[in-house]
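Spelled out, the chains give:
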Amino acid sequence: MKNRPPRATISDVARSARTGKTSVSRYLNGEQHLLSADLKARIEQAIAELDYRPSQMARGLKRGRTRLIGLIIADITNPYSVDVMCGIEAACRERGFTLLMCNTNNEVDLEQHYLQLLSSYQVEGVVVNAVGMREEALSRLQQSLLPMVLIDRKIPDFACDVVGLNNAEAAEIATQHLLDNGYEALLFLSEPLGSVNTRRERLQAFRQRLAAWPQIAHENAEVPQHQPAALDALLLDYAQRQRGKRAAVMVANGAMTLQVARAMQRVGLRWGENIGLLGFDELEWAALAGVGITTLRQPTWQIGYAALERLIARIEGNAGPAGEQVFSGELVVRGSSQPLP
């Protein structure tokens, strides 16, 4: 195997163009109006012949800018996170930034590793999709002093911009839909609430809407992810206790909705026939699942795009108070929430 030729340097370009490094730097930095036409032509020819590619990182550091944005995602397997990332990446392209994406996979060691890595790359700001992240990592984020925007999840006692869904409005719309379709018993199902504000806000709105309907039996339950036996038992118990009533389950997010759908199939509950089902987050398979599953669609791409725009404003010097930007969701009605006999 032949040895790869050494990468051309700015000194090589200057020598080939018969000029100094200062002139080459001016050419590369858009100051070509300071150069003669002949000199510009020689530099252009030297760059082409040497296949010279300047180090964007080095140029950025020299100017005090790297134009790098860090994105920390708790779980890249979550379709919600993927859609948000697409919106962020689109905004980065339009504004001339490069995105460095880190998937922590909900692991403490990876969270710490990626925080240190982003710091070493001197990113100019960070977007954090923090749902699922542990408090240790969030605490380190607070101490980093980088411009930061949170998506969906707020950090207690930490003033930071947040972009996400209008959870109260969305949960009220979803709950009212089930009431309008004649359901007489409702179960709100989520992972453990903990300090995750999205789950708490949706549950609170669910309860507030039902406060005006005292005749409707309602309850909530928390089930850790990936505990199918516990979920099966909970759903069977609920269906048996509400036998004779039109009962429905509202699920707090898309990942849990998939688990609930699988559990219903395992225990013989048929959504849209003997039990209702509605889940937050629109997922591709929801339209294909038998009669289809009603969902509350979030404008995830727009949320990601808005989060990056807000971050760039902070990077460029916006020092106003931290705020929250919320988007409305859209109810996608399918057969799983149709009126039951």
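The following refers to the structure shown. These numbers were taken from a predicted model, which means no experiment stands behind them.

Some details on the nonpolar core
- Ranked by internal contacts, the top residues of the largest apolar core, which has 24 residues, are Ile 69, Ile 88, Val 127, Ile 151 and Leu 308.
- Broken down by secondary-structure element, the contributors of at least two residues to this core are β1 (68–73), α5 (79–95), β4 (148–151) and α12 (300–315).
- With 8 residues, α12 is the single largest residue contributor to this core.
- Among all residues touching Leu 308, those that are not within four sequence positions of it are Ile 69, Ile 88, Ala 91, Cys 92 and Val 127.
- With 23 residues, the next largest nonpolar core counts Ala 221, Tyr 238, Met 256 and Val 260 among its residues.

Focus: the packing of helix α10 (residues 228–241) against helix α11 (residues 254–267)
- Here α10 crosses α11 at 70°, and the two axes come no closer than 9 Å. In terms of axis orientation, α10 runs roughly perpendicular to α11. Handedness of the crossing formed by α10 with α11: right-handed. Here Pro 228, Leu 231, Asp 232, Leu 235 and Leu 236 of α10 come into contact with α11, specifically with Gln 259, Val 260, Ala 263, Met 264, Arg 266 and Val 267.
- For the contact of α10 with α11, the per-class residue count stands at 8 nonpolar, 1 polar and 2 charged.

As for the pattern of salt bridges
- Inspection of the entire model under this criterion finds 18 salt bridges.
- We note a salt bridge from Arg 266 to Asp 232, for which the minimum N-O separation is 2.8 Å. One end of the pair, Arg 266, is in helix α11; the other, Asp 232, is in helix α10, with 34 residues separating them in the sequence.
- The exposure class of Arg 266 is partly exposed, given its relative accessible area of 46%.
- Among the ionic pairs, Glu 282 bridges to Arg 334, the shortest N-O distance being 2.6 Å.

Considerations on the sheet that holds strand β2 (residues 98–103)
- On the basis of which strands lie adjacent, the open sheet formed by 6 strands has the order β2-β1-β3-β4-β5-β11 and parallel pairing. Only two strands of the sheet have a single neighbouring strand rather than two, namely β2 and β11 (324–327). Put simply, the sheet's adjacent strands are angled 20° from each other on average, direction ignored.
- Summarising the sheet, strand β3 (residues 125–129) and β4 pair through 4 bridges and their orientation is parallel. Across the sheet, residue Asn 129 finds its bridge partner in β4, namely Ile 151.
- Contacts from α12 reach β1, β3, β4, β5 (161–165) and β11, with the element oriented near 170° to β5.

About the cut-offs
Within every chain, residues take consecutive numbers counted from 1 along the sequence as written. Residue-level local features of this predicted model are given only where pLDDT is at least 70; pairs of side-chain atoms are given and counted only at 80 or more, and the full residue set underlies all totals for whole chains, interfaces and linings. For side-chain calculations, the full set of non-hydrogen atoms in the structure is used, while hydrogens and water are omitted. Among buried residues, the Ala, Val, Leu, Ile, Met, Phe, Trp, Tyr and Cys ones that are joined through side-chain atoms within 4.5 Å form a nonpolar core. Using a 1.4 Å probe on the protein chains alone, a residue whose accessible area is under 20% of its type maximum counts as buried, one over 50% counts as exposed, and one in between counts as partly exposed. Labels follow the DSSP assignment, with helices taken as runs of H or I lasting at least four residues and strands as runs of E lasting at least two, numbered in each case from the N terminus. In this description, contact between two residues means that some pair of their heavy atoms is separated by no more than 4.5 Å. Orientation is described by axes fitted as lines to C-alpha atoms, over the contacting stretch for helices, and by angles from 0 to 180 degrees between their N-to-C directions. Small angles under 35 degrees read as roughly parallel and large ones over 145 as roughly antiparallel, with 65 to 115 read as roughly perpendicular and the rest as oblique. Should the near helix be turned anticlockwise from the far one by less than a right angle, the crossing is termed left-handed; should it be turned clockwise, right-handed. Each residue receives one of three labels: charged for Asp, Glu, Lys and Arg, nonpolar for Ala, Val, Leu, Ile, Met, Phe, Trp, Tyr, Cys and Pro, and polar for the others, Gly being one of them. The salt bridge definition used is simple: a Lys or Arg side-chain nitrogen within 4 Å of an Asp or Glu carboxyl oxygen. Pairing between strands requires that DSSP locate at least two bridges from one strand to the other.

Bear in mind that shape data such as this cannot, by itself, settle questions of function.
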